[in-house]
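Given next are the chains, with one letter for each unit.
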Amino acid sequence: MKKMKHNKFTLLLLAIIFLVQYHTSSAQDKSEGQVIVKLQYYNNNNNVQYLMLESMLKKNKILTPRRNINYELYLDSIGDGNLVAKMKTNERGKAKAFIPPALKMNWDAATQHTFIVMAGEEEVISDYVVTKSKITIDTATTDGIRTITVALMKWENDAWVPSPEVEMKVGISRNGGSILPAGDDETYTTDSTGMLMVELKKDSIPGDLKGNYVIAARLEDHEEFGNLLVEKTVPWGLVRIADNTFFSKRELWTTRFRTPIWLLAMAYSIVIGVWGTLIYLVIQIVKIRKLGVAVAESSSSDSENDIHLIKMAKKT
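Since this is a predicted model, take the numbers as computed values, not measurements. (Residues numbered from 1 in each chain as written. Predicted model: local features only at pLDDT ≥ 70, side-chain atom pairs only at ≥ 80, totals over all residues. Heavy atoms only, no water.)

### As for the overall build of the chain
What counts, and what does not: Going along the chain from the N terminus, every DSSP run of H or I of four or more residues is numbered as a helix, and every run of E of two or more is numbered as a strand. The contact criterion used throughout is that any non-hydrogen atoms of two residues lie within 4.5 Å. Residue burial considers only the protein chains on display, and all accessible areas are found by Shrake-Rupley using a 1.4 Å probe.
Across its full length, the chain carries three helices and 17 strands. Restricting the contact set of the chain to residue pairs at least 6 apart, pairs at least 24 apart contribute 50%. About 22,100 Å² of surface is accessible on the chain, with carbon and sulfur atoms providing 57% of the total.

Structure (structure tokens):
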């Protein structure tokens, strides 16, 4: 009987210890938050390759950038010879690193590469794999119909092979990095040959002074290729005519000597109204003062006449 009571007491004590440890660890995790580190690969025009690291702290479902955090980025394995860059996050929790020319031989030696992120001696990311790939873009105009042809290839078995069934954006590059779709669809998918063809249906798009604008094909956040972008300048836009009379017009943004007439009239009418009122008041004050002096002089002469009459009456 005593043994059973002892066992129950031991189990109860262990359960209490477990609950205390569980709540303590949960409270610590909740107070400290969860660190999230993301890595993205970018390849622009098959020439400029870089990686973007983002470090965030997730606490109470709110993401906060982690600023001034140091990281080290390696290619395939950890070692001085494979160091891509030492990175430090900015105020947005992001850091950017370009693949240096010293690692070109390492890059060309394999089809796939793994990027490893270290924070001090702690391995943060070790499974971000990228396959070497490229996008080519070509254009044609037939019977007034403009088409854009895009091909997506990946490096495999020492040769470039097509990448089918990959979705990407194709269209006209706009300010801010967005892409205006060339046709009716937002995205387009490569066929079995790794190619896609899009008819440009956007007419009357303004270009530069020569009528040029930039078309682009972009692959975003692909699990195998990362982020790819290729651009090409084409003379398909409307010629922009330079307006040399911009600052000679009477508008709000021009110099003071070209102020709009309506604004001058309003300003001068306000000035004239204010100063006219002040001048009118001054004139009225002067008139009131003169009238007061005249009244005082008249009262003084009347008093003298009364005194003279009284003296004459006394004499008689």
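Read on, since the account is not over.
### With respect to the nonpolar core
Our working rule: Side-chain atoms within 4.5 Å link the members of a nonpolar core, which is a set of buried Ala, Val, Leu, Ile, Met, Phe, Trp, Tyr and Cys residues. Remark: exposure states derive from per-residue accessible area (1.4 Å probe, protein chains only) relative to the maximum for the residue type, with buried under 20%, exposed over 50%, and partly exposed in between.
In terms of nonpolar packing, the biggest core is built from 45 residues, with Leu39, Leu73, Phe115, Ile135, Val150, Met168 and Val170 touching the most fellow members. Looking at this core, the element that brings in the most residues is strand β16 (residues 213-222), giving four residues.

### Considerations on the packing of aromatic side chains
Keep this limit in mind: Ring geometry is summarised as follows: Phe, Tyr and Trp rings, the Trp one being its six-membered ring, pair when their centres sit within 6.5 Å, and such pairs are stacked at plane angles under 30 degrees, edge-to-face over 60 and tilted between the two. We call a charge positioned above a ring when the Lys NZ or Arg CZ atom is no farther than 6 Å from the ring centre and deviates by at most 35 degrees from the ring normal.
Counting across every chain of the model gives seven aromatic pairs. The interplanar angle of 40° and the centroid separation of 6.4 Å between the aromatic rings of Trp107 and Phe115 together place this pair among those described as tilted. For the ring pair Trp155 and Trp160, a centre distance of 5.2 Å and an interplane angle of 70° mean the geometry is edge-to-face. You can call Trp160 partly exposed: its relative accessible area is 36%. Taken together through their ring pairs, the aromatic side chains of Tyr41, Trp107, Phe115 and Tyr128 make up a single cluster. Above the plane of the ring of Tyr50 lies Lys96, whose end atom (NZ or CZ) is 4.2 Å from the centre.

### With respect to the pairing of strand β4 (residues 70-75)
The cut-off we apply is this: For two strands to pair, DSSP has to find at least two bridges joining them.
With five bridges joining them, β4 and strand β5 (residues 83-88) adopt antiparallel strand pairing. Residue pairing in the sheet places Glu72 in a bridge with Lys86 of β5. Pairing between β4 and strand β7 (residues 112-119): four bridges, direction antiparallel. If you follow Tyr74 over to β7, its bridge partner there is Ile116.

### So, the sheet that holds strand β8 (residues 122-131)
For the record, the criterion: To get an axis, fit a line to the C-alpha atoms, keeping to the stretch in contact for a helix; angles then go from 0 to 180 degrees between the N-to-C directions.
As summarised here, the arrangement of the four strands in space is β5-β4-β7-β8, forming an open sheet in which the pairing is antiparallel. Edge positions in the sheet fall to β5 and β8, since each of these pairs with one other strand and no more. Strand after strand, the sheet turns through a mean of 20° between neighbouring axes, direction not considered.

### With respect to the pairing of β7
As defined by bridge partners, β7 adjoins β8 across seven bridges and the pair is classed as antiparallel. Bridge pairing in β8 links Ala119 to Glu122. Two successive antiparallel strands, β7 and β8, enclose a turn made up of two residues, where Gly120 displays a positive phi of approximately 70°.

### Regarding the environment of Asn60
Mapped onto the fold, Asn60 is located in the loop between β2 (48-59) and β3 (62-65). Separated by 27 residues in sequence, Asn60 and Gly33 have C-alpha atoms that sit 7.5 Å apart.

### Points about the side chain of Arg218
Formally: Throughout this description, a polar contact denotes any pair of N or O atoms lying within 3.5 Å of each other; where both atoms belong to protein, one of them has to be capable of donating a hydrogen while the other can accept it, and for residues adjacent in sequence the pair is counted only when both atoms sit in side chains.
By the secondary structure assignment, Arg218 is in strand β16. A polar side-chain atom of Arg218 sits 3.5 Å from a polar atom in the side chain of Glu220.

### A few points about the pattern of salt bridges
Applicable threshold: One side-chain nitrogen of Lys or Arg within 4 Å of one carboxyl oxygen of Asp or Glu is enough to make a salt bridge.
What the rule picks out here adds up to seven salt bridges. A salt bridge links Glu224 to Lys154; the shortest N-O distance between them is 3.7 Å. Taken together, the residues Glu224 in the loop between β16 and β17 (226-234) and Lys154 in strand β10 (residues 145-156) connect sequence positions 70 residues apart. With relative accessibility at 25%, the residue Glu224 sits in the partly exposed group. Salt-bridge contacts for Lys201 lead to Asp184; the nearest nitrogen and oxygen are separated by 3.1 Å. Taken as a pair, Lys201 in the loop between β15 (195-199) and β16 and Asp184 in the loop between β13 (179-181) and β14 (188-189) lie far apart in primary sequence, 17 residues in all.

### Here we look at the side chain of Thr131
Mapped onto the elements of the fold, Thr131 is located in strand β8. For Thr131, a relative accessible area of 4% translates into the label buried. When sequence neighbours within four positions are dropped, the list of residues in contact with Thr131 reads Thr111, Gln112, Lys154, Trp155, Glu224 and Phe225.

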